[in-house]
There are 2 protein chains.
Amino acid sequence: MSPASTVRSTDTQQRLSAACCYPLAAPEVGRDQAVALADLFKALADPNRVRIVNLLANADEPVCVCEFMEPLGLAQPTVSFHLAKLHRAGLLRREQRGTWAYYSLHPTALARLAQVLDPEGGTP
Amino acid sequence: MSPASTVRSTDTQQRLSAACCYPLAAPEVGRDQAVALADLFKALADPNRVRIVNLLANADEPVCVCEFMEPLGLAQPTVSFHLAKLHRAGLLRREQRGTWAYYSLHPTALARLAQVLDPEGGTP
DNA sequence: GTAGTATATTGACAATTGTCGATGTTCAAC
DNA sequence: GTTGAACATCGACAATTGTCAATATACTAC
């Protein structure tokens, strides 16, 4: 529909890669960068998504959707909802194996997120 | 009412100090710690609050409430609302000077938040 | 005391979000 | 082709959130 932006193809980790260039303590954070940063924090602003990230941080292998339902006590659509939100924020990787969808923590996600908070990030 | 917890006294930075002990990548994050961590991220999950933190990060002196209204384009009650939310999360310091209320970024707030994201934080 | 000013709080409202049942999609196995 | 299974999407709903006008609170100056 809208050919205005070239950013629609992957969508994965677009938020994070956009936000990682504008640290919280940068000289000046404009409207758009503030929205990008807020979207990033919004991805972690839910207890269930925090636990998902924690589970993935302790897993040495990708985890499929059905594995989250029991420990989180959530229905399958709800788990998909949270995983999609984390994936769209660029924090998770998605891998399709047959009918299964395996999610894993993006390798540099947490480190880059920490860099956003680094006071030195804006003025090296 | 509930004498079960001793955490009710200050409220200021209780969230942060509680969450900083439970990094995202800790061996296991339970329900309560997940809520504490999510509350912390929730504080930054809004563009206006991101800009407030950014403005304070670049200010070498505390800033009073009225100074935020114009750059953010928000009414005074809305500014107070956001400042209170950041303050309750332990990210901001509040200092009363006469009728004015001066807010400043908590010295170690961002650094401790970054520590929450540090993968080494849980298993040194 | 009164008047004026800076913040906080309240009340109401629109917008967003989390949740789940029901329905689609997509793949493997037959 | 059909069936079954895993996941995504849709629709609806309750709960939360951001916003501001109106009001309350607290302080200074008179």
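Up top you'll find the structure we're talking about.
Owing to the predicted nature of the structure, the values given are computational and were not obtained by experimental measurement.

A. View of the packing of aromatic side chains. Counted by the stated rule, this structure contains zero aromatic pairs over all chains. Geometry around tyrosine 102 of chain A places arginine 97 of chain A over its ring, the cationic atom sitting 4.2 Å from the centre.

B. Examining the side chain of asparagine 54 of chain B more closely. Position of asparagine 54 of chain B relative to the elements: it lies in helix α3 (residues 47-58). The exposure class assigned to asparagine 54 of chain B is buried, which follows from its relative accessible area of 2%. Look past the residues within four positions of asparagine 54 of chain B in its chain and what remains in contact with it is Leu24, Ala25, Ala26, Pro27, Glu28 and Val29 of chain A.

C. A look at the packing of helix α2 (residues 31-43) of chain A against helix α6 (residues 109-117) of chain A. All names here are of chain A. Their axes nearest at 12 Å, the elements α2 and α6 cross at an angle of 130 degrees. By the angle class used here, α2 and α6 are oblique. Note on packing geometry: the crossing formed by α2 with α6 is left-handed. Residues Leu37, Leu40 and Phe41 of α2 lie in contact with α6, whose contacting residues are Leu113, Val116 and Leu117.

D. Structural context of the protein's contact with DNA strand D. The local shell around DNA strand D holds 24 residues, among which Ser80, Arg94 and Tyr103 of chain A together with Thr78 and His82 of chain B are the closest. Between a phosphate oxygen of DNA strand D and a side-chain N or O atom of asparagine 48 of chain B, the distance comes to 2.8 Å. Between a phosphate oxygen of DNA strand D and a side-chain N or O atom of arginine 49 of chain B, the distance comes to 2.8 Å. Of all the secondary-structure elements, those providing two or more residues to the surface near DNA strand D are α5 (76-88) and β3 (100-105) of chain A together with α3 and α5 (76-88) of chain B. Per element, the largest residue contribution to the surface near DNA strand D is five residues, and it comes from α5 of chain B. Residues of the surface near DNA strand D, tallied by class, amount to eleven nonpolar, eight polar and five charged.

E. Structural detail: α5 of chain B. Residues and elements named next belong to chain B. Across its 13 residues, α5 extends 18 Å between first and last C-alpha, which sits within 8% of the 18 Å expected from 1.5 Å per residue. Listed as buried for α5 are Val79, His82, Leu83, Leu86 and His87. In an axial view of α5, the angular spread of the buried residues amounts to 135 degrees, which keeps them on one side of the axis. On its buried side, α5 packs onto α2 (31-43), α3, α4 (66-72), β2 (92-97) and β3 (100-105).

F. Up close: the packing of α6 of chain A against helix α6 (residues 109-117) of chain B. In the contact formed by α6 of chain A and α6 of chain B, the axes pass within 9 Å of each other and the chain directions differ by 180 degrees. What the angle tells us is that α6 of chain A and α6 of chain B run roughly antiparallel. Within the contact between the two elements, α6 of chain A uses Leu110, Leu113, Ala114 and Leu117 of chain A and α6 of chain B uses Leu110, Leu113, Ala114 and Leu117 of chain B. Here the contact of α6 of chain A with α6 of chain B is built from residues that sort into eight nonpolar, no polar and no charged.

G. The relation of the copies chain B and chain A, seen in detail. For the pair chain B and chain A, the relating rotation is 180 degrees, the translation along its axis is 0.0 Å, and the fit reaches an RMSD of 0.0 Å. Considering both components of the superposition, the chain copies are consistent with a two-fold axis. Nearest to the rotation axis, the C-alpha of alanine 114 of chain B is located 2.4 Å from it, this being the minimum over chain B. The share of interface residues of chain B whose copies in chain A are also at the interface is 100%, consistent with both copies meeting through the same surface.

Criteria and thresholds
- Throughout this description, residue numbers start from 1 for each chain and increase along the sequence as written.
- The lettering of chains begins at A and the numbering of ligands begins at 1, in the order of writing.
- Residues qualify for local features only when their pLDDT is at least 70, as the model is predicted, and side-chain atom pairs are given and counted only at 80 or more; totals for whole chains, interfaces and linings, by contrast, use all residues.
- To obtain the side-chain values, all non-hydrogen atoms of the structure were used and water was disregarded.
- Between rings of Phe, Tyr and Trp, where Trp is taken as its six-membered ring, a pair exists when centres lie within 6.5 Å; planes separated by under 30 degrees are stacked, by over 60 edge-to-face, and by other angles tilted.
- Either the NZ atom of lysine or the CZ atom of arginine qualifies as a charge over a ring when it sits within 6 Å of the ring centre and within 35 degrees of the ring normal.
- Under the DSSP-based scheme used, a helix requires at least four consecutive residues in state H or I and a strand at least two consecutive residues in state E, with every element numbered from the N terminus.
- Exposure classes here rest on a 1.4 Å probe applied to the protein chains alone. A residue is buried below 20% of its type maximum, exposed above 50%, and partly exposed in between.
- Residues are treated as being in contact if the distance between any of their heavy atoms lies within 4.5 Å.
- Only the stretch in contact is used when fitting a helix axis, every axis being a line fitted to C-alpha atoms; angles between N-to-C directions are given from 0 to 180 degrees.
- Working definition: roughly parallel below 35 degrees, roughly antiparallel above 145 degrees, roughly perpendicular at 65 to 115 degrees, and oblique for all remaining angles.
- Should the near helix be turned anticlockwise from the far one by less than a right angle, the crossing is left-handed, and should it be turned clockwise, the crossing is right-handed.
- The near set for a molecule or strand comprises every residue that places at least one heavy atom within 4 Å of it.
- Polar contact criterion, stated in full: a pair of N or O atoms within 3.5 Å, where within protein one must be able to donate a hydrogen and the other to accept it, and residues adjacent in sequence count only if both atoms are side-chain atoms.
- Amino acids are sorted into nonpolar (Ala, Val, Leu, Ile, Met, Phe, Trp, Tyr, Cys and Pro), charged (Asp, Glu, Lys and Arg) and polar (every other residue, Gly among them).
- In a helix, the anticipated span is given by 1.5 Å times the number of residues less one.
- Directions pointing from the helix axis toward each C-beta atom define the arc.
- Least-squares superposition of the copies uses the C-alpha atoms of those residues scoring a pLDDT of at least 70 in each of them.

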